[in-house]
Every structure is written in C-alpha cells, then in structure tokens.
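Here is what each chain is made of, one letter per residue.
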Amino acid sequence: MRIQVITGCLLMSLFQILFVLQVSSQCLDDQRLLLLQLKSSLVYDTELSTKLVSWSQSVDCCNWDGVACVTSGHVIGLDLAYEGISGGIDNSSGVFGLQYLQSLNLAWNIFNGDQIPKGLQNLTNLAHLNLSNAGFVGQVPIEVSTMKRLVVLDLSSLYQARQPLKLKSPNLQKLVENLNELRELYLDFVDVPSQKSEWCQALSSSLPNLTTLSLRYCGLSGPLDSSLSQLRSLSVLRLEGNNLSTTVPNFFRELTNLTTLILSSCSLRGPFPESIFQVPTLQILDLYQNPLLSGAIPQLPINSSLRTMLLGYTNLSGSLPESISNLRMLSKVDISNCNFTGMIPPFISSLTELIHLDFSSNSFTGVIPPFHMSGKLAIILKASLTGSLTSNHFEGLSKLESIYLVNNSLNGSIPVSLFALPSLHKLQLSNNKFSGQISEFPISFTSHGSWINLQIIDIASNNISGELSPVSIANWRGMTQNDGSQLRANHLRFDFLNLNNFYYQDAVTVTIKGQQLEFIKILTVFTAIDLSCNNITATGMIPKTVGLLTSLYALNLSHNAFTGEVPSSIGNLTQLGSLDLSANQLTGEIPQQLTSLTFLSFLNLSFNKLIGKIPTGSQFQTFSPESYVGNSRLCGFPLNTSCDGDSYENSADSAPSSDVPELVWVFVSACWGYVVGVIIFFVSLVFCDQLREQFNKQLDKLMGLIFPRQRFSNVSKKKTRRSMRNR
C-alpha cells in the first residue's frame, strides 16, 4: 500500500512537471509570426548576431534566445542587445504588435542616423525600455511620454555622438510628466537644454519614486535646486560633466538612501559640505576635477559604507583623519593633485579591500606604510615620500599590477620581494635615489618571477649600476608578441566599447622622444623601457636579446655606460616609435637593420663613439643632425661631414682625378675656337657689303617675328642707309 502511494505521488509529480514544461514552452502562433516578421524586417550583421541567427521555426519561440514568455505563451521580454542591428525598426515593425511586451532591450546596436520609432506607444504594457548606445539620433519622440507604465528608461550613450539625442520638443518636463511610475532614468549624453535649475523642478515634481538618476554630459546648468531633496528614494545620482558652476548644497545629507554621488567635472566651487562624507549609506563619492572646490575630509563614522572616494584635482586640503581606518570596505582612493599635508596614516595599511590608491601631487611627508594586508591592491600609491622600500611593502600583494613612485626621495636598493610580484605590469620608480646593482635583479623563467608580465619599466634617474643581463631582458615576455600580432598580456585594461573590443589602461608617464610625456587611457599594446640616467653597463654591448621585445614602443638607455656596438637585433622591433641610446660609449657603425624601423619617429644616437656612414633609408632621411652629434667619425646625410667614399664616387662619375688637366685644356681650346670664329664673322660683315646686306635681311625677319611693330622702322633705316651710299 505504501509503495502504491509513493508511486502515485511520483507519477503525479512527474505529470505536474511535464504539464508545467508543456505550458511554459507553448508558443502562440500570432506571437511566433510577429517575431518572424520582426526578424525578416531587421537588417543585422550575422557575424555579430548570436540570437536572431538562431531563431528557427522548428524550435518553440518561447525558447528562442532573447525571448521571454509567460505561461500563456505571450511574449513579455525581448532582448536583442549586441546583435549588430543597423536598420529595420520602423513604425510597422512586428515588435509593436507584441501587446504583452513588458521589457524591450535594443542597446548596443548600430541604428546610425535612425530616429526612435514612434510605434513604441503601442507597447502599453512596457515597463523596461533600453535604447542605450544604439545609435539613435534626433529628437526623442513625444510618444515615449505616453508610456505610463515605464519603470526603467535608458536612452543614454557612453560617448558624445555627432548627432546626439535631443530633448527640446518635447523637453525634459514634457517627457516625464506622465511617467509617474519611473524609478530609473538614464539620459547620459542626451542634449537636455534647460533654463538654470528648471530640470530639478521637472524631475522632483513628476518622478516621486525615482531611485536612479543619470544625467552625465547633458548640458545642464546650475544651481542645484532644493527641490531635488524631495526625491526621498534617490539612491544613485550622476551629474558628471555638466557645467553647474555652483556650490554643493547641504540637502544631499538628507537623502537617507543615497549610495552614489557623482559630481565630477561640474565646475563646482566653494566649500564641500563635510556632512556628506558622513552619510552612512554613501558608497561612492566622486568629486574629481573640480579645481575650485575646497574643504577637508572630516572624521568618518564607524558605520561608514564608503567604497570609492575620488577627490583628485580639487582644492581639498588638510591632513587625513585617523578615522579613515573606519572605512573597512574602501577599495579605491584618489586624492591626487590636491593640497593635503602631513603623514600618511600608518593604519591605512590595514584596509584589506584596497585596490587602487593614488596620493600623488600633494605635500605628504614621512615613509611609505606597508600594505601587506591589502592583498587585493592593484595600483599602489603615488606620493611624495622619503625613506626606503623593504620587503614588507610588497609581501602578499599577488594582485599588484602597477607601482608609481616617481619624483620622490626614496633610497636604498629595490627590494627582492618586488621581483616576485606575478601580476606586475607597470613599474615606475624614476627620479629617486635608488642604488644597488641591476645584476641583483633575480632571473627566473617561471610564471612567478622576474617581471614576466612587465609592460612598462621606468627606473630612470637613479643611482643604479652594474651590468644588464641578457637573460633578464629575454624574460620580460609582456613586451613580446604572440603569433606576430597579439600580445601575450591582456592586462591593465577595461572594456570601453564591448562591441568593438577597444581596450585601454590607466594613465602612464614616461620619457620618450626626449620629453616627459603623460598618456591618459593608453592602449594595452603600449610598452616602454626607460633605464636612462643611471650607470648601467653591459658585457661588451647592449644585450642582443632586446630584439626579442617585439612589441616595444619606446626604448631609452641614454646617459649610462654601455659599450660595444649597437645590436642589429633592434631592427626586429618593428613597433618601435622612440629610440634613445645617447650619451653612452657605443662604438662601431650604425646597423643598416635600423632603417627597417618604419614606425620610428624619434632617434637619438648622439654623444657616443660611432663611426662610418649613416645608413640611408626611408625613415632615416627624416632625422635631424641633432640625432648624431657628438660622434666625430660619423659622416653622411644629414651631417655636413661627407664620407671619403662619397667624394670618390662623385668625382669618378665625371672623370678620373689624373685626367683633370686634360679636361681643362679641352674646355680652353673650345673657348678659343669660339672667340676666333666670332671675330672672323664680324670682320667679314664690315668688309663685305653683300654678306652684310644678307645678314641685315635675316636680322630684319627675325626682329619682325619677335617685335612686329619695329619691323617698319628697321626697314626705313635700311633704305635710308642705301640712299646715302648711292649719293
């Protein structure tokens, strides 16, 4: 009996499962036809598409990628983001017949030049509409304002388009006045013209339930009206890139749900309210690039939720409070280019969630605290500090990617623990007082040592000496290419345009082309070596293994003590744009292989002991004499010093040097013959009337051709001369 009951229960459960599966997979014919009509009308790239290309009539339409249905078989969700769609959405498209549709996502497509279709008003049940980064242009249609059930509206763009979306007619107030259920509004880079703070009043009066407001680079103006304080549910506020030109009001502290406040590049001025730092729910505070904004960091509460604090390029000042240690969740801090003073609190090293730390261009003093507890740290602090680095500073930092400690007074040797950092991609220690032997750098072919992922190394202007190991250079595999085109390293990057796979890394300052340059958001393919202004030597010559670093863009070994010849293997560095080997003791000739460096735009080989003729080539013809000065035995273009071989070849083209007197006599004889012939001709004219008359006729014809109006006068003069002779 018990077995029968159990069996019956199992059968019943199986029936229920099958019933649910059958119902959930049921697709109504009209819904399938509308979707197929939509697919046939769309213009899309089949290589980019992963959803539309898979839609097949043999599969239930509710199981198609990007399609969501309810149990009744009606389509309620359509996600066609990243499908490479470039056209086919119009007012008669099948998508507008999906009356039960609640969510439509067309983000990250390429509707270049198309306007947002007015047929959206037919989707009366739509709650989520995402048209971000889809390439739509022109005026946002008034029909969007009739979609009263919208909860999320995203018309934003990641960058400034040539023809951005506009909110002029209707304006912002008209757009949102009926969207009372809206909770999230994203209008980044949409042109939203408004008079002063009327945009604040339009939002606060119509959208009482708003939780997220993103209006980055919309052309808004200030001041920030107090009506914004009525948005009691507001959690995320992004106003970056608007010329607000105003002070920051105190009412932000009254927004008890506020987690994100982004006011970077808004031309803010005056003191920043300290109470905003103390909002317990605040996680992200971004005030970056407001140079007229002043104030200080106050004491921070124990229950603070701050994770990101970006205060760089402001006029904030004072010392860092000890209470910063209360920020247990703090992961990113940037207070660069401010006016902070005092010592970096040692307890900051106890912040275990730190990933990025930038204290550069302030007036901090003292030593660098160890960060061995910050195991997630990827970008170590940039600051103006003294003292030495020890192994304690880098122990346990397995995720550390970048170290930037330039322009300090740090001394001592570079600690061995730095070489064991497996994720290190960028090392910049220039303009310090580091000493020691470069040969002390450990050499390892494992994946856990000797900077195997290094892309940028800059230890210029220190007191480092010794010999540069060929094996050590060969192990910098982050500067090599795989299969001739792709870099081994795919690090220090973030997705900028996911559709096009553009990758960038953060800013870097390097010395190339004879200048100290700062690159902002550089491509990951950028690699550089700068060991200049030290006392580094090599065994015989610069290591030939430098030619293995085939993705290298900048190489600066100037002002050292390198000897020997310039290695011809440098000619393998086809991506090289800057080469500086000046002020060494290099000898021999310049390798002809360097002329194959077609990307080279800067070359400095000055003040060495190079000899011979400067190689000729398409790129080498563009460099100035300053690239070669200080090499007394160099010759050839662009120097004024000609090579002996060139002089010999030039004279050989005309005649041997022993035949010069004979050649001179040939020219002298020809000249005398010409002079004698001219004298005989004119004597004949004087004493022979017939010859003189014939000459006058020919001269008259010639002059008549050249000066037609003068012919008559010449003939008259000739007749006068004849009559005078007859008399």
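The shown structure was predicted, so the numbers you read here are calculated from the model rather than taken from an experiment.

1. So, the environment of Glu565
At step 1: As for its placement among the helices and strands, Glu565 is situated in strand 39 (residues 563-565).
At step 2: The partly exposed category is assigned to Glu565, whose relative accessible area is 44%.
At step 3: Each C-alpha atom, one on Glu565 and one on Glu589, is 7.3 Å from the other, the two residues being 24 residues apart in sequence.

2. Description of the pattern of salt bridges
At step 1: Summed over the entire model, instances satisfying the criterion amount to five salt bridges.
At step 2: Among the salt bridges present, the one from Asp79 reaches Lys51, with a minimum N-O distance of 3.4 Å. Of this pair, Asp79 sits in strand 3 (residues 75-79) while Lys51 sits in the loop between strand 1 (43-44) and strand 2 (67-69), and the two are 28 residues apart along the sequence.
At step 3: Arg216 is paired through a salt bridge with Glu240; the nearest N and O atoms lie 3.1 Å apart. With Arg216 in the loop between strand 11 (212-214) and strand 12 (236-238) and Glu240 in the loop between strand 12 and strand 13 (260-262), this residue pair connects regions lying 24 residues apart in the sequence.
At step 4: The class of Arg216 is buried, set by a relative accessible area of 16%.
At step 5: In this structure Glu240 comes out as buried when scored by relative accessible area, which is 18%.
At step 6: A single salt-bridge network, built from bridges that share partners, covers Asp188, Arg216 and Glu240.

3. A closer look at the state of the cysteines
By definition, a disulfide links the sulfur atoms of two cysteines through a covalent bond.
At step 1: Counting across every chain of the model gives three disulfides.
At step 2: With its sulfur 2.3 Å from that of its partner, Cys62 forms a disulfide with Cys69. Given an S-S torsion of about -95°, the disulfide between Cys62 and Cys69 has left-handed geometry.
At step 3: Looking at Cys69, the relative accessible area reads 22%, which means it is partly exposed.
At step 4: Cysteines bonded in the protein are numbered consecutively along the chain; their disulfide partners then correspond to 1-2, 3-4, 5-6.

4. A short note on the pairing of strand 41 (residues 585-588)
At step 1: Relative to strand 41, strand 39 runs parallel, the two being bridged by three bridges. Within the sheet, the bridge partner assigned to Glu565 lies in strand 41 and is Thr587.
At step 2: Here two bridges tie strand 41 to strand 43 (residues 609-613), and the two strands are oriented parallel to one another. Looking at the pairing, Gly588 lines up with Leu610 of strand 43.

5. Things to note about the packing of aromatic side chains
At step 1: Tallying each qualifying case throughout the model produces eight aromatic pairs.
At step 2: Summarising the aromatic geometry, the rings of Tyr82 and Trp108 are spaced 5.9 Å apart at their centres and angled 5° between planes, so their arrangement reads as stacked. Taken as a pair, Tyr82 in the loop between strand 3 and strand 4 (85-87) and Trp108 in the loop between strand 5 (103-105) and strand 6 (128-130) lie far apart in primary sequence, 26 residues in all.
At step 3: The class for Trp108 is buried, based on a relative accessible area of 15%.
At step 4: Ring geometry for Phe111 versus Phe136: centroids 4.7 Å apart, planes at 10°, classification stacked. Taken as a pair, Phe111 in the loop between strand 5 and strand 6 and Phe136 in the loop between strand 6 and strand 7 (138-139) lie far apart in primary sequence, 25 residues in all.
At step 5: For Phe111, a relative accessible area of 0% puts it in the buried group.

6. Focus: the environment of Leu586
At step 1: If you trace the backbone, Leu586 turns up in strand 41.
At step 2: Taking the C-alpha atoms as reference points, Leu586 and Asn608, separated by 22 residues in sequence, lie 5.3 Å from one another.
At step 3: Residues within four places of Leu586 in sequence aside, it is in contact with Ile542, Phe562, Thr563, Gly564, Val566, Leu581, Asn608, Lys609 and Leu610.

7. Quick notes on the sheet that holds strand 42 (residues 602-604)
At step 1: One open sheet accounts for seven strands, arranged 24-26-28-36-38-40-42; its pairing is parallel. Looking along the sheet, the strands with just one partner apiece sit at the ends: strand 24 (402-404) and strand 42. When strand polarity is set aside, the average angle formed by the axes of neighbouring strands in this sheet is 10°.
At step 2: Relative to strand 38 (residues 554-556), strand 36 (residues 528-530) is paired through three bridges, and the arrangement is parallel. Note on strand 38: the bridge partner recorded for Ala528 is Ala554.

8. Side note on the sheet that holds strand 14 (residues 269-271)
At step 1: One open sheet holds the five strands; their spatial order is 14-16-18-20-22, and the pairing between them is parallel. If you trace the sheet from one side to the other, it starts and ends with strand 14 and strand 22 (363-365), each paired once. Each neighbouring strand pair of the sheet contributes to a mean axis angle of 20°, computed without reference to strand direction.
At step 2: Note: strand 18 (residues 314-318) against strand 20 (residues 339-343), two bridges, orientation parallel. Bridge pairing links Gly318 to Phe340 in strand 20.

9. Things to note about the nonpolar core
At step 1: Core analysis: the largest hydrophobic core is formed by 162 residues, its most contacted members being Leu78 and Trp199.
At step 2: Where this core is concerned, the elements lending two or more residues are helix 2 (29-41), strand 3, helix 3 (172-176), helix 4 (198-206) and helix 5 (274-277).
At step 3: The biggest single contributor to this core is helix 2, with four residues.
At step 4: If we skip the residues at most four places from it in the chain, Leu78 touches Leu35, Leu38, Trp55, Gly66, Val67, Val95, Leu98, Leu101, Ser103, Leu104 and Asn105.

10. Some remarks on helix 2
At step 1: With 13 residues, helix 2 extends 18 Å between its outermost C-alpha atoms, agreeing within 8% with the 18 Å of an ideal straight helix rising 1.5 Å per residue.
At step 2: All buried positions along helix 2 are accounted for by Gln31, Leu34, Leu35, Leu36, Leu38 and Lys39.
At step 3: On its buried side, helix 2 packs onto strand 1, strand 2 and strand 3.

11. A closer look at the confidence of the model for the protein
At step 1: Model confidence for the protein is summarised by a mean pLDDT of 80, while 75% of its residues fall at 70 or above.
At step 2: Confidence over residues 444-449 falls short of pLDDT 50; this stretch has 13 contacts with residues more than four positions distant or in other chains.
At step 3: For residues 517-524, every residue scores under 50 in pLDDT, and the model assigns this stretch 35 contacts once sequence neighbours within four places are set aside.

12. Some details on the environment of Ile452
At step 1: Among the structural elements, Ile452 can be located in the loop between strand 27 (433-437) and strand 28 (456-458).
At step 2: In this structure Ile452 comes out as buried when scored by relative accessible area, which is 12%.
At step 3: As for Ile452 and Asn475, which are separated by 23 residues in sequence, their C-alpha atoms are 5.9 Å apart.

13. A look at the pairing of strand 25 (residues 409-412)
On a regular strand, one side chain projects to one face of the sheet and the next to the other, so that they alternate.
At step 1: In this sheet, strand 25 lies alongside strand 23 (residues 386-388) in parallel orientation, the contact comprising three bridges. Note on strand 25: the bridge partner recorded for Gly387 is Leu410.
At step 2: Across two bridges, the pairing between strand 25 and strand 27 is parallel. Counterpart to Gly412 in the pairing with strand 27 is Phe434.

Conventions used here
- Residues numbered from 1 in each chain as written.
- Predicted model: local features only at pLDDT ≥ 70, side-chain atom pairs only at ≥ 80, totals over all residues.
- Heavy atoms only, no water.
- Helix = DSSP H or I, 4+ residues; strand = E, 2+ residues; numbered from the N terminus.
- Buried < 20%, exposed > 50% of the residue type's maximum accessible area, 1.4 Å probe, protein only.
- Salt bridge = Lys/Arg side-chain N within 4 Å of Asp/Glu carboxyl O.
- Disulfide = S-S within 2.5 Å.
- Pairing = 2+ DSSP bridges.
- Phe/Tyr/Trp six-rings, centres within 6.5 Å; stacked < 30°, edge-to-face > 60°.
- Contact = heavy atoms within 4.5 Å.
- Axes fitted to C-alpha atoms, helices over the stretch in contact; angles between N-to-C directions.
- Core = buried A, V, L, I, M, F, W, Y, C linked by side-chain atoms within 4.5 Å.
- Expected span 1.5 Å × (residues − 1).
- pLDDT = per-residue confidence, 0-100.

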